[in-house]
Amino acid sequence: MTLRYLVTICALVTAAAGSAGGAGAQGVPKLQYEKITLPNGLEVILHEDHSTPIVVVNTWYKVGSGDEKPGRTGFAHLFEHVMFMGSENVPVGAFDKWLEAAGANNNGSTTEDRTNYYESLPSNALPLALWLDADRMGRLLPVMDQAKLDLQRDVVKNERRQRVDNVPYGKWRETVLATLYPANHPYHWPVIGSLADLSAASLEDVKEFFRTYYAPNNATMVIAGDFNRDSTLTWVNRYFGAIPRGPQMPARPAVPVVTVQRDTFLVLEDRVTLARLHQTWKGERIYHENDAPLDILASVLAGDKNSRLYKRLVFDMQVAQDVSAFNNSTKLDGDFNILVTPKPGQTPTRMAELVREEVSRIVADGITPRELARALNTRRSSFLDQVASVLGKSDRLAEYNYFAGTPDWIQQDAARYDRVTAADVQRVAAQYLTKPKVVLTVVPLGKKDLMVMGGAE
Amino acid sequence: MGNGMHLVVAPVTKLPIASVIVIVEAGASAEPTGKEGVAALTARLLPEGAGDLDGAALAERFERLGASVESHADWDVAAVSLTALTAQLPAALALVRDLLRAPVFPEREVARLKEERLAELLQQRAEPRGLADEQFARALYAPDVRYASPPEGDSGSVRALTRGDVLAFYAARYRPAATTLVIAGDVTQAQARTLADTLFGDWVGDSPAPVVTAVDTAQSGRLTRIVSKPDAPQSELRVGHVGLARGAPDYFDAMVMNAVLGGLFSSRINLNLREAHGYTYGAFSAFEWRRGAGPFVVSTAVKSDVTGAAVREILGEIERMRRDEIGEEELTLATSYLDGVFPIRYETTAAIAAALANLVIHALPDDYYDRYRDRVRAVTTRSVLRAAQAHLHPDRMRIVVVGDPTVIATPLGEAAGMTPDVMVPERMERPA
């Protein structure tokens, strides 16, 4: 995911802000909501929570980097930046200025499948956020010009340098994506795009993209928090009601099947002091029946101090500086990743052997009930964390509405995990992690000999 | 409490959860000379073994309770924090008691965490942001000042630490009279009091020696330094000097002044570098608030070929801040933001607990948060100018850039008005 700006402002509180890691066997609460669709197709989801005098407006457009054309990678995210440059009634710079003056935090983010914009603000400022969002949804183009595009192009190029090019190991993910997903798959390229493609983006591209995707009938707006339903709906109708419906969204071309035929070994020289091993297998799309078991498998492998890889490589053998595992699943497909940084003097090849041993043990012997229970506990805590803030709840509602087809899905989402058995975890380990994979070794300059080159089953 | 330990409780009944932070007067500023990093190592070792449980068993216990515990030390204090369901709070807090009162500090884990810190320092040599922060601190403070080296210690000091050092630091600093238990969440004052008495009431020990607030002697004059990263596509910039302590009487003026200068998205420095020039993805300024005078720093990462221009703009904005009174509109934007965002910042029990811990760490009055918004509103354009003139020092500016010297040395030198010195990370195992 790529954000419009990184929050580096020191919060008022500088001490020990522990994560709200939360809770054991507690049910996940239902999120009450009301969903209304305006005549122009805009979906509005309301969720009232009067415990704190704040409100969040969180608007999701069903467009992401997966909708980009060849030669224009990174455009969906670049466009997201342009959306903050003012609209017909909002001068350049005023969008952020007016919101900050109202005590609001705001940002936007782009993924492969969707783009969102949110404002989190004191309740009494809700009309301002709605009006600003409506002006840019309905009237962005009359004041769009080359200078706005050029400026944000420079900002985004710097974002890429700051998050990818000038970061140790920063290019690992896009290197793997380009190998794992075929060239005509929407996940073949990274959300941030390439510098060359960003350079190529034109003002005409901006206009066409807006006309194609930024219409009320391609958007869902969640309003969550402390607001009055009736007056809010009056504002929504007044500000958004007159924005005309756009054309039917173009369908994405059929997605090619992702298969890794044989183990593929890649090496990337980078300015790093320690090598790092990245192994990626094909996974599944979000909410697929094996998605939740794969999440649990990632926790069992590297989720905490007692996880298999952490315990053995970092704690017992002390051969690795860090290990991590994650299951990435989104709209069309997914991938499963294990990363290991060997300690000085240890080799990536040895790490690959140890990972294979641990995966084989799960495939052969399964996992213990304790391991399953721990992973499920962690998962439940993260559900409660997500609903601890109004912004978190607005994201849940918007995500379920888009990916599951209804905002009312948090309990079903939690239930997916409750149903996972130890046998499921063993089964998905066998089904996915014994298949061919993409193996990328990022090595210090001049140390290509550290590359992992074999070890296929 | 009878043993000198403090208890702070904020009942919040929104959800059936509670957040706990235990703070101990055992931060890096309390370290003996030559033992830099022992505070962080001690705090991180607490969950690695306590009572008759080893680290793995402790982690398992916390996980069974659905609570993950975190411990660390910063400049001022050590802190152990967790969030748990109210129903599990007594059991979770009993484990926290064991961490604090009966840590084992296993030899093996001492060695492991030291190794991990050393490898992290090795990795940091290639990590522009961390490298810039570290080298900026060294450029700011006199070498014998604790703030000059990282709170977790540098490779020389960490390598020399022993289990004996950890035990000695623990024995000297972890005492009931130096400890505050903060609980925010679904508990009553009476429940919290009973819990604290049961778990900590029989913990005895004298008051530790008071912490001498770190001497914040600044390096003198201006400095411009390039930390070499050949072929870097971007320059990581740090521009600033020693700032002021959290206890400064004009804290609110300085904070609002910084919000106008570079604390918000719509601040002068970000609007200039990002929104007017497109030099960067973001540029911000901050006072790092500690008990002693922490850094004032402008941080950004800019495309290599505009490094000189970016430094010129930053210095220009700092000069302008000192020269001209700000407009009413700018003041209102900053104060309205700080006022309005207040409830958003304190939405969760963890955030409330952290805010209360902050009161304790900085000895702020109990009604601090009640009066916070009024005090922000009381700042004027004149008091902002006074704060800028008192606390921004162009003549002491230290400019540290991690970047490619072949591209940036000349323009940087022109912008700074002095020839930069160049350091090579591989050769600075322990720079002076």
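Residues numbered from 1 in each chain as written. Chains lettered and ligands numbered in written order. Predicted model: local features only at pLDDT ≥ 70, side-chain atom pairs only at ≥ 80, totals over all residues. Heavy atoms only, no water.

Give me the lowdown on the overall build of chain B, citing residues and values where you can.
When helices and strands are counted, chain B shows 17 helices and 13 strands. A globule of 432 residues ought to have a C-alpha radius of gyration of about 22 Å, and chain B, at 23 Å, matches this closely. Projected onto its principal axes, the C-alpha coordinates of chain B cover approximately 65 × 50 × 35 Å. A total of 432 residues make up chain B; the buried ones form 62% of that total. Taking as baseline every contact in chain B between residues at least 6 positions apart, the subset at least 24 positions apart corresponds to 83%. Total accessible area on chain B is roughly 15500 Å²; 51% of this is exposed by carbon and sulfur atoms. A distance of 2 Å separates the average location of the 45 positive side-chain charges in chain B from that of its 56 negative side-chain charges. (Helix = DSSP H or I, 4+ residues; strand = E, 2+ residues; numbered from the N terminus. Rg over C-alpha atoms; globule rule 2.2 N^0.38 Å. Buried < 20%, exposed > 50% of the residue type's maximum accessible area, 1.4 Å probe, protein only. Contact = heavy atoms within 4.5 Å. Areas by Shrake-Rupley, 256 points an atom, 1.4 Å probe, with all protein chains shown as cover. Lys, Arg positive; Asp, Glu negative; His and termini not counted. Charge placed at Lys NZ, Arg CZ, Asp CG, Glu CD.)

Give me the lowdown on the domain arrangement of chain A, citing residues and values where you can.
Residue and element names in this part refer to chain A. The domains assigned to chain A are domain 1 (32-240) and domain 2 (264-450). If you average the C-alpha positions of domain 1 and of domain 2, the two centres end up 29 Å apart. With 36 residues of domain 1 at the interface, the matching set in domain 2 holds 41 residues. Both sides of the domain 1 and domain 2 interface together cover about 3100 Å² of buried area, and 69% of this is carbon and sulfur. Counting the surface domain 1 buries against domain 2, the share from its top three residues, Trp60, Tyr169 and Trp172, is 24%. Linking domain 1 with domain 2 are two salt bridges, by the criterion used here. Between Lys393 and Asp49 there is a salt bridge, with the nearest N and O atoms lying 2.7 Å from each other. (Domains from an automatic or database assignment. Buried area = accessible area lost by both parts, 1.4 Å probe. Salt bridge = Lys/Arg side-chain N within 4 Å of Asp/Glu carboxyl O.)

Just give me the short version of the domain arrangement of chain B, but keep the residues and values in it.
All names here are of chain B. Under the domain assignment used here, chain B contains domain 1 (6-200) and domain 2 (223-427). On a C-alpha basis, the centroid separation for the pair domain 1 and domain 2 is 28 Å. Tallying the contact residues gives 30 residues for domain 1 and 35 residues for domain 2. Carbon and sulfur atoms make up 70% of the surface buried where domain 1 meets domain 2, a total of about 2700 Å² over both sides. Summed over the three residues of domain 1 that lose the most area to domain 2, namely Asp76, Phe136 and Ala139, the buried surface amounts to 20% of that side. Where domain 1 packs against domain 2, one counts two salt bridges.

Describe the interface of chain B and chain A, listing the residues and the values that go with them.
Contacts between chain B and chain A engage 82 residues on the former and 75 residues on the latter. Each partner contributes to the roughly 6800 Å² buried at the junction of chain B and chain A, and carbon and sulfur atoms together form 55% of this total. Three residues stand out in chain B for area buried against chain A, namely B:Glu63, B:Gln123 and B:Tyr281, and they jointly supply 11% of the buried area on that side. Our enumeration of links across chain B and chain A arrives at five salt bridges. Between A:Lys305 and B:Glu48 there is a salt bridge whose closest N-O contact spans 3.3 Å. The interface formed by chain B and chain A contains 28 residue pairs in polar contact (both at pLDDT 80 or more). Per-element tally for the side of chain B that touches chain A: the top contributor is helix H4 (residues 107-124) of chain B, with nine residues. When its residues are assigned to classes, the side of chain B that touches chain A shows 42 nonpolar, 18 polar and 22 charged. (Polar contact = N/O pair within 3.5 Å; in protein donor to acceptor, adjacent residues only side chain to side chain. Nonpolar A, V, L, I, M, F, W, Y, C, P; charged D, E, K, R; others polar.)

Mind laying out the nonpolar core, listing which residues take part and the relevant values?
Judged by nonpolar contacts, the single largest core of 136 residues is most densely connected at A:Leu297 and A:Ile338. For this core, the element with the most residues is helix H9 (residues 251-263) of chain B, which contributes nine residues. (Core = buried A, V, L, I, M, F, W, Y, C linked by side-chain atoms within 4.5 Å.)

Explain the environment of B:Pro420 to me, and be specific about the residues and the numbers.
Residue and element names in this part refer to chain B. Locating Pro420 in the fold gives a position in the loop between helix H17 (405-416) and strand S13 (421-423). Of the residues examined, Pro420 reaches a relative accessible area of 13% and is grouped as buried. For the pair Pro420 and Val401, spaced 19 residues apart in the sequence, the C-alpha separation amounts to 9.5 Å. Leave out the neighbours within four places in its chain, and Pro420 touches Thr224, Ile226, Ala409, Leu412 and Gly413.

If you had to explain the environment of B:Ala387 to someone new, which residues and values would you point to?
All names here are of chain B. Tracing the chain through its elements places Ala387 in helix H16 (residues 381-391). The class for Ala387 is buried, based on a relative accessible area of 1%. Considering only alpha carbons, one finds Ala387 and Asp253, 134 residues apart in sequence, at a separation of 5.9 Å.

Quick one: what's the story with the packing of helix H11 (residues 307-323) of chain B against H16(B), residue by residue and with numbers?
Residues and elements named next belong to chain B. Where H11 meets H16, the axes come as close as 7 Å, and the angle between the chain directions of the two elements is 125°. Regarding the angle of H11 to H16, the classification is oblique. Both H11 and H16 take part in a crossing whose hand is left-handed. Note on element contacts: H16 touches H11 through Val384, Leu385, Ala388 and Gln389, opposite Met321, Arg322 and Arg323. (Axes fitted to C-alpha atoms, helices over the stretch in contact; angles between N-to-C directions. Parallel < 35°, antiparallel > 145°, perpendicular 65-115°, else oblique. Left-handed = near helix turned anticlockwise from the far one by under 90°.)

Break down the sheet that holds S13(B) for me, citing the residues and quoting the values.
Read across the sheet, six strands follow the order S10-S11-S9-S12-S8-S13 (chain B) without closing on themselves; strand pairing throughout is mixed. Every interior strand has two partners, whereas the edge strands, strand S10 (280-287) and S13 of chain B, have only one. Adjacent strand axes in the sheet meet at a mean angle of 15° when their direction is disregarded. Sheet strands in contact with helix H4 (residues 146-165) of chain A are strand S9 (234-242), S10 and strand S11 (295-303) of chain B, and its direction is about 70° off that of S10(B). This element, helix H5 (residues 128-140) of chain B, spans strand S8 (223-228), S9, S11, strand S12 (398-403) and S13 of chain B of the sheet and lies at about 30° to S9(B). (Pairing = 2+ DSSP bridges.)

Can you tell me about helix H12 (residues 369-386) of chain A, naming the residues and giving the values?
Counted at 1.5 Å a residue, the expected span for H12(A) with its 18 residues is 26 Å, and the 26 Å between its end C-alpha atoms agrees. The complete set of buried residues in H12(A) reads A:Glu371, A:Leu372, A:Arg374, A:Ala375, A:Leu376, A:Asn377, A:Ser381, A:Phe383 and A:Leu384. Buried residues belonging to H12(A) abut helix H9 (291-302), helix H10 (308-316), helix H13 (390-404), helix H14 (410-418) and helix H15 (422-432) of chain A together with helix H2 (55-64) of chain B. (Expected span 1.5 Å × (residues − 1).)

Describe the pattern of salt bridges, listing the residues and the values that go with them.
Side-chain pairs of opposite charge can arise where the charged atoms are in close proximity. Within this structure, the stated rule accounts for 64 salt bridges over all chains. With its nearest N and O atoms 3.3 Å apart, the salt bridge here joins A:Arg136 to A:Glu119. Separated by 17 residues along the polypeptide, A:Arg136 in helix H3 (residues 126-138) and A:Glu119 in strand S6 (residues 115-122) bring together distant segments of the chain. With respect to class, A:Arg136 is no different from A:Glu119; both count as buried. Each of the salt bridges in this network shares a partner with another, and the network as a whole consists of A:Lys305, B:Glu48, B:Arg108, B:Glu109, B:Arg112 and B:Glu116.

Which residues make up the sheet that holds strand S1 (residues 6-11) of chain B, and what values do they have?
All names here are of chain B. With mixed pairing, five strands are arranged side by side in an open sheet as S1-S7-S2-S6-S5. Because the sheet does not close on itself, it has two edges, and the strands there are S1 and strand S5 (70-73). When the angles between neighbouring strand axes are averaged without regard to direction, this sheet yields 15°. Where strand S2 (residues 17-24) lies against strand S6 (residues 78-85), eight bridges are found, and the strand directions are antiparallel. Looking at the pairing, Ser19 lines up with Thr83 of S6. Contacts between helix H3 (residues 89-101) and the sheet are confined to S2, S6 and strand S7 (179-185), with S6 contributing the most and set at about 160° to the helix.

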